[in-house]
Each structure stands twice: as structure tokens, then as C-alpha cells.
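Secondary and tertiary structure notes
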Amino acid sequence: MRPSPSPSPCACAAAVPCAPFRASSSPAPSRTPNTRVETGLRHRFRRDSCHHHRVDLRASRLAVAGGFLSQGLVFISLTTRLPDYQDKWDVSELELSLLFLMLILLAGVGSVVSERLARTRSSAWLLRLGLALTVAAVPLLMLAPVYGAFVAGFAVYGVALGVVDATTNMQAVAVEHGYGRPILPSFHGAWTLGGIVGAALTLATSALPVEAGVAVVAVPLAVLFLPFLARAEAPPLAAPTDVPWRPILLVGLGMVVFYMVDTAAQTWGAVYLDETIDTPDGLVALATLPYLVASLALRLGGDRLVRSYGAVRVIRVGALVACLALVVVVLAPSWPVAVLGFTLLGAGVAVVAPLSFSAAARIAGEGVDELSRQARVDAVIGRFNQFNYVGALLGAVLTGAVGQDNLRLGFAVPMVLVLALLPLARAFAPAAVTAPTPPSTR
């Protein structure tokens, strides 16, 4: 996909924009053959520089999409195998909730570390660090010979999860800024595609030992070497003190609601089908797979939906669809009806997260010079990403704790709280541009 033209003179607005042509008030010099040749060479150099920059930006976009895809693949491969891990280690729903509490808290630690390091390190370097931690954690977790090793692998993966969550979104908002148009939904669509592949692999290997899932580690290992977007050289950034946190907080609350719903579906959906509803053993991953397919479809079309109807309307309609979907899940008399509910749920909330990151980056980057913008936005996104884990705590831990005896009650929690998106949607609207007042004719 070719980037659309941006307002910059060379049509490649980016972290390091090409130098524009400037008109001069001095008389034009006489055109000798040598000056014409030199001018032509300068024009060609600028054209070539812009062309190479666009090529680099496309390569970085694919690399960042690969980071999102690997994150979705590994996470969903893990969560769709939870019933198998419960059986292997004889873990109750409450104990599983505590494990996820540890995972989420350590992911928050990883996100905080990313925020602090982003002041002096590029998000590309930090993303590679997170991917390397994932490569180390997955075999430890999935091949653990004893329960203690399983918990240790879960802990290392939690830190990696936070680092990769924060840094993929840092990279994504930087690439989006370079393109000059909304493309965040497509990045989150790559995460969803990875999740679909992970859920499909779980279904395809359901007859194999649970340890077969370790093969997914090849994906983050390969992504580790892709060409992520480099940051323009800038002086070290101090902790941001003039960031408008109030509007960012309102957007963050919307993201909390999304991750509450999303994590509840992806963490407890398979367990719900396995234990609450009579579902064949090999089909429990169907709680996640249709949810992700519906999310992918909406995210791929998310840019067009937002351009056509606006972020506010898209989020409000999605919130109503999500509430209805969770009513279907809670009251489902059979597993096909529950799967239908999870599918509708995926469609309802799909674009909330990418619109949240895009809005936070836009607010954080307003009024900042281009050289410092990416470092500042990286630091803000690292902190903003922690709203993710507040929502995940509500979705994974609260749903499991309330539903420890009956998960129908557990899913009633996000069913009610998702309606908070109705008033919060207003925070996602771009700031209105005030037209200049015409001069008085008096």
C-alpha cells in the first residue's frame, strides 16, 4: 500500500523530513550550463532521498506489523492452552487468576521500564529487547518439567509482554506520523491475525501434547531481526512535565474498558466453554478464534469506518454491540450460541485500542518540535500503555474471581462496564480547529 501524499513539500512527512524548497527574495542568478546541471543534481538528490525514505518507512511498517503479529500469536497460543495447563498442573480458577495477576503486574513493570528507557534508548532497541525476553520465556513456560519452572516462565513472559506491548505501539504511532494518516487499526489487525493463527494452531494440535506449542517461539525470533523505525538523533529527554494528561486520561479510561472486555474473552472464553457449557474438548478454542476473526475484519476496515463516521460514533455503536454480545454469552444455552456471542463481541470492541493509542500520541505530540516529538511520544506511550494492564486486571482477575463458582456471573462484569464507553467516546474526537476571526472593516 502506498502512503498517501502529506502536506510536506516533498510528500514524505517523517521523523526526519526532507528539506523543502524555499523561495528567495534575491534576484535569480543567471542560468549557466553548470548551474543548470548542479540544480538538476540537487533536485534529483532530494527526489531520491524522499523515495528512499518512503521505501524505508514501508519496510519499517512491515517490521512493526510483524512485531504485533508475533505478540498476538504467542499470547493467544498461551491463553487457548490454559485448560491444558490447568489439567497438567492441577490449577484451580482462583489459582489461575492469581497467576494472571502476577503476569499483568509484571507486564506493567515491563511497560514502566520501557517508558523510563525510552528517554535515552530508541523504541526499536527496546522492542528487540522485549522480543529476546519472549524467546527466552516461551520454552521455559511451555516445556517446564516442574510447576516452579512454569511459574518462572510465566513471570519472565509477563515482563516481555509489557516491553513488547509498549514498544510496538511506540513504533506504530511513529510510523503513523510518518504516513500522515490513521493506520493504527491495521497494526492492531496484525496482532489479531497473529492471534487467529495461534488459536488455529491450538485447534490443529489439540491431540498433541501441550508442549508442542513451543514451536511458536520461531516467530518472535525471526521478527527480532527486522528493520524497525530508527529514531532521529535528539538530545536526551527529561521526564515530560507539560503533557496534557487530563484528555489523555479520558482516552486511557476508554482503553481500560476495552482491555477489560478483551482480556476476559481471551483469558476465560476457552475455560467458559470447557467448564460452564458442554463443549467438545477439541473445540474450546472456538471462544477465541471467531472473536479474533471478527476483530480482524473490523480492524482492517477501521481506517475507513473512522473516516466515514468519526471515532465517536464508531466507538458508541461498538459499545452497544459489545453489551448485547455479552448478554448472549451470559445467557447462552449451548456452545454454538456462546461462540456467536464471542464473535459479536470481537466486532463490537475491535477498534477501541488502536484509536486510543492514536489519540494519545496525537495529544502528546501537539506543539512539540519535530526533532523531540518521537522521544516525547515514546515516553508518553510507555506510560499510557499501563491503562492496558488496569483493564487486563479487571478482565482477567475480576472476571475469574467473581466467576470462580459460575463464569456466567464473571462475564456479567464486563457486560455492564462496557457501557462506560458511551460517555467516554467523546474524548476520542480530534480537537476542533477554530477558524480565524476576519479582520474588522471599521
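**Overview of the nonpolar core**
In a soluble, globular protein the nonpolar side chains are often hidden away together inside. Core analysis: the largest hydrophobic core is formed by 123 residues, its most contacted members being Y157, Y272, F342, L345 and F411. In terms of residues, this core owes the most to one element, helix 8 (residues 245–276), which gives 15 residues. Sequence-distant contacts of Y272, that is, excluding residues within four places in its chain, are made with I277, V329, V330, A338, F342, L407, R408 and F411.

**Details of the confidence of the model for the chain**
For the chain, per-residue confidence averages 82 on the pLDDT scale, and 82% of positions sit at 70 or higher. Of the regions scoring below 50 in pLDDT, residues 1–29 engages in 42 contacts with residues more than four places distant in sequence or in other chains. Contacts from residues 433–442, a stretch scored under 50 in pLDDT, to residues over four places away or in other chains number 0 contacts.

**Things to note about the packing of helix 8 against helix 15 (residues 386–402)**
Between helix 8 and helix 15, the least distance of the axes is 6 Å, while the angle of their chain directions is 40 degrees. Considering how the two elements wind past one another, helix 8 and helix 15 form a crossing that is right-handed. The segment helix 8 lies against helix 15, with I248, L249, G252, L253, M255, V256, Y259, M260, T263, A264, T267 and W268 engaging F387, N388, V390, G391, A392, L394, G395, A396, T399 and G400. Among the residues forming the contact of helix 8 with helix 15, the class breakdown is 14 nonpolar, 8 polar and no charged.

**Some details on helix 16 (residues 407–417)**
Of the positions making up helix 16, those classed as buried are L407, G410, F411, V413, P414 and M415. Those residues of helix 16 that are buried lie in contact with helix 8, helix 11 (311–331), helix 12 (335–349) and helix 15. For helix 16, the N-terminal capping position is held by N406, with its side-chain oxygen 3.0 Å away from the main-chain nitrogen of R408.

So, how was this worked out
- Residues numbered from 1 in each chain as written.
- Predicted model: local features only at pLDDT ≥ 70, side-chain atom pairs only at ≥ 80, totals over all residues.
- Heavy atoms only, no water.
- Core = buried A, V, L, I, M, F, W, Y, C linked by side-chain atoms within 4.5 Å.
- Buried < 20%, exposed > 50% of the residue type's maximum accessible area, 1.4 Å probe, protein only.
- Helix = DSSP H or I, 4+ residues; strand = E, 2+ residues; numbered from the N terminus.
- Contact = heavy atoms within 4.5 Å.
- pLDDT = per-residue confidence, 0-100.
- Axes fitted to C-alpha atoms, helices over the stretch in contact; angles between N-to-C directions.
- Left-handed = near helix turned anticlockwise from the far one by under 90°.
- Nonpolar A, V, L, I, M, F, W, Y, C, P; charged D, E, K, R; others polar.
- Polar contact = N/O pair within 3.5 Å; in protein donor to acceptor, adjacent residues only side chain to side chain.

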